Amino acid sequence: MSNELVRMRESAAAWQELRYERAVGADGYEYDRNAARRAQVLWALQYDRRPGDLELVRWLAGQEAECRREAPFQGLTEETTLAGLLLAEYRVVEDVWQQWEIKRANFDTWCGYDVQAVCAAGVEATLAHVRAGEHPEREALLERLLGEDGKPCVSEQEVTDWFPFIRRRFPVDPAEEDPITLVERARMSGETERARELLDAWATGQERDADTLRELRYHLAELGDYAEAARVRRESLSFAEGARDRAFGWQDLAGLERRAGQHPAAWEALTECRRALTDVSEWWEYGLGRTYVEELFLLAGSADATLAPAVFAEADRQAAEIPPLALVTLRAAVAAAAHVGDAAREEHYRTLAAQEQQRIDDGFPDED
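Criteria and cut-off values
Residues numbered from 1 in each chain as written. Predicted model: local features only at pLDDT ≥ 70, side-chain atom pairs only at ≥ 80, totals over all residues. Heavy atoms only, no water. Helix = DSSP H or I, 4+ residues; strand = E, 2+ residues; numbered from the N terminus. Buried < 20%, exposed > 50% of the residue type's maximum accessible area, 1.4 Å probe, protein only. Contact = heavy atoms within 4.5 Å. Core = buried A, V, L, I, M, F, W, Y, C linked by side-chain atoms within 4.5 Å. Salt bridge = Lys/Arg side-chain N within 4 Å of Asp/Glu carboxyl O. Phe/Tyr/Trp six-rings, centres within 6.5 Å; stacked < 30°, edge-to-face > 60°. Axes fitted to C-alpha atoms, helices over the stretch in contact; angles between N-to-C directions. Parallel < 35°, antiparallel > 145°, perpendicular 65-115°, else oblique. Nonpolar A, V, L, I, M, F, W, Y, C, P; charged D, E, K, R; others polar. Arc of directions from axis to C-beta. Expected span 1.5 Å × (residues − 1). Lys, Arg positive; Asp, Glu negative; His and termini not counted. Polar contact = N/O pair within 3.5 Å; in protein donor to acceptor, adjacent residues only side chain to side chain.

### Topic: the overall build of the protein
Summing up its helical and strand segments, the protein has 20 helices and two strands in all. In terms of principal-axis extent, the alpha carbons of the protein reach across some 70 × 50 × 40 Å. Evaluated residue by residue, the protein yields a buried proportion of 44% over its 368 residues. Looking at the protein alone, contacts between residues at least 24 apart form 61% of all its contacts between residues at least 6 apart.

Take a look at the structure:
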């Protein structure tokens with residue numbers, strides 16, 4: 001049993017150590033300072049479910065709802081879904097409101113969080129409880145649970161069938177856990193070496209097909225081994241189908257090579273990306289074209305003096321053909337121009353960045 005879970009069961013005062021706490025990382029992005037510690041307790045509860053943990057589970061589910069509500073990139077995490085399942089298993093009708101807080105936390109939870117969790121105590125029992133109360137979200141919840149004909153949008157049988165389905169995703173026995181889940185949990189816990197061992201063990205038994213390579217590339221990059229991720233990504237290019245897929249693959253490879261410090265290889269990959277884009281109709285109109293230019297600027301801003309000027313010249317040339325550029329790309333352009341010592345272009349992109357920031361602050365007034 002997890003020592004952290006033991007502490008939480010012994011004293012509710014310790015729960016505050018797991019609360020949602022907004023923080024800003026060195027990269028400037030917001031994150032939840034206690035997300036990993038809270039996740040470890042949720043994982044422990046997954047493998048050791050007890051009737052007496054209801055209040056703890058309720059509190060953890062509330063923190064997950066707040067985290068999803070405040071997260072700058074929104075999303076629906078495994079930990080939030082697990083917290084919702086653990087709460088749903090108690091089948092207490094009053095918990096409909098805590099489940100609703102998760103469901104309506106953001107766009108991704110609205111679309112992806114199972115409505116069966118909201119009705120875990122039973123569809124009719126849940127509807128009767130909501131109708132009888134005066135909760136501020138009463139009408140909004142009823143609108144979600146009822147169709148235009150006034151009938152429930154989910155059946156009692158669907159709720160019953162949901163429980164064994166979602167339990168397979170979060171088994172009680174750790175031996176039945178998906179190996180990739182264990183990789184992700186080790187990484188989230190800061191156990192990088194353990195995560196890599198688990199990933200290597202998983203990869204050894206897999207066929208080197210497109211799906212395996214995609215999964216492997218993602219986790220290697222998440223673990224910070226960009227050089228190995230790049231090697232895997234290069235291998236996966238043999239599975240690319242069509243010019244757009246090839247262009248995306250080369251661009252992704254370029255980013256990995258850049259982060260691995262292999263700048264000439266990144267430049268080569270971007271050159272191949274541009275060749276592939278030639279066969280993509282009106283490629284400059286798509287996000288792929290804009291991110292290609294962004295990657296050029298990122299490489300120009302990090303390569304050494306022998307390579308950076310040539311990359312910047314190409315980025316500058318391509319940027320003129322693909323307006324308007326996103327703010328993140330313009331900021332990369334400013335940094336790249338400063339890196340190569342081009343004061344005039346630095347000022348040019350700084351002005352464009354300021355204008356784009358103002359447009360964003362004004363609510364995108366130029367958009368239809």
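After presenting the structure, the write-up continues.
### Notes on the nonpolar core
Of all hydrophobic cores here, the largest spans 56 residues; its most connected members are L199, Y292, F297 and Y349. Not counting residues within four places of it along the chain, the set of residues in contact with L199 comprises I180, V183, L216, H219, L220 and L223. A39, L42, V130 and L141 belong to the second largest nonpolar core, which has 47 residues in total.

### Details of the pattern of salt bridges
The tally for this structure, following the rule as stated, stands at 38 salt bridges. In this structure, the salt-bridge partner of R38 is D32, at a minimum N-O distance of 2.5 Å. Comparing R38 with D32 shows no difference in burial state: the two are buried. Between D95 and R58 there is a salt bridge; the shortest N-O distance is 2.7 Å. On the criterion of sequence distance, the pair formed by D95 in the loop between α4 (78–88) and α5 (96–103) and R58 in helix α3 (residues 54–70) is long-range, its members being 37 residues apart. Each of E4, R7, E17 and R37 takes part in salt bridges that share partners, so that together they form one network.

### Focus on the side chain of T212
Here T212 shows up in helix α13 (residues 210–222). Classification of T212 as buried rests on a relative accessible area of 5%. In contact with T212, other than residues within four places in its own chain, are W202, Q206 and E207.

### Concerning the packing of aromatic side chains
Overall, the coordinates contain seven aromatic pairs when judged by the stated rule. Look at W15 and W59: their rings are 6.1 Å apart centre to centre, the planes differ by 45 degrees, and that puts the pair in the tilted class. Here W15 is found in the loop between α1 (3–10) and β1 (22–24), whereas its partner W59 is found in helix α3, with 44 residues between them in sequence. In this structure, W15 and W59 share a single accessibility class: buried.

### Some remarks on the packing of helix α12 (residues 192–204) against α13
To describe two helices that pack against each other, one gives the angle between their axes and the distance between the axes. Between α12 and α13, whose axes approach to 11 Å, the crossing angle comes to 170 degrees. Considering the angle they form, α12 stands roughly antiparallel to α13. Note on element contacts: α13 touches α12 through T212, E215, L216, H219 and L220, opposite R196, L199, W202 and A203. Looking at the contact of α12 with α13, its residues break down into five nonpolar, two polar and two charged.

### Quick word on the packing of helix α2 (residues 35–47) against helix α11 (residues 179–188)
With their axes 10 Å apart at the nearest point, α2 and α11 run at an angle of 140 degrees to one another. The orientation of α2 relative to α11 falls into the category oblique. Between α2, through A35, A36, A39, W43, Q46 and Y47, and α11, the contact on the second element is made entirely by L182, R185 and M188.

### Focus: the environment of M188
Note that M188 resides in helix α11. Here M188 falls in the partly exposed class, since its relative accessible area comes to 30%. The spacing of M188 and V340 is 152 residues in sequence and 37 Å in space, taken between C-alpha atoms. Beyond its immediate stretch of four places on either side in the chain, M188 contacts A35, A36, A39, W43 and E79.

### Quick look at helix α14 (residues 226–236)
Those residues of α14 that sit buried are A229, A230, V232, R233 and S236. With its buried residues spanning 165 degrees around the axis, α14 presents them on a single face. Next to the buried residues of α14 lie α13 and α15 (243–259).

### Quick look at the environment of E66
Within the secondary structure layout, E66 lies in helix α3. The sequence separation of E66 and R231 amounts to 165 residues, and the corresponding C-alpha distance is 39 Å.

### Here we look at α15
The end-to-end C-alpha distance of α15, which contains 17 residues, comes to 25 Å, matching closely the 24 Å that a straight helix rising 1.5 Å per residue would cover. When you tally the buried positions in α15, you get 12 out of 17 residues, the bulk of the element. Contacts made by the buried residues of α15 are with α13, α14, α16 (263–277) and α17 (287–300). Taken from the residues just after α15, G261 is the one with a positive phi, measuring 80 degrees.

### Brief notes about the side chain of R68
Summarising the element assignment, R68 is placed in helix α3. Despite its burial, R68 remains without a salt bridge, the nearest opposite charge being carried by E64 at 4.9 Å. Within the local environment of R68, its side chain forms a polar contact with the backbone oxygen of Q74, the two atoms lying 2.4 Å apart. Discounting residues that sit within four places of it in the chain, R68 has contacts with Q74, G75, L76, T77, T80, A105, N106 and T109.

### A short note on unusual backbone geometry
Excluding glycine, residues mostly carry a negative phi; peptide bonds, for their part, are mostly trans. At R91, a residue that is not glycine, the phi angle is positive and equals roughly 55 degrees. Tracing the sequence through the fold places R91 in the loop between α4 and α5. With a relative accessible area of 43%, R91 lands in the partly exposed category.

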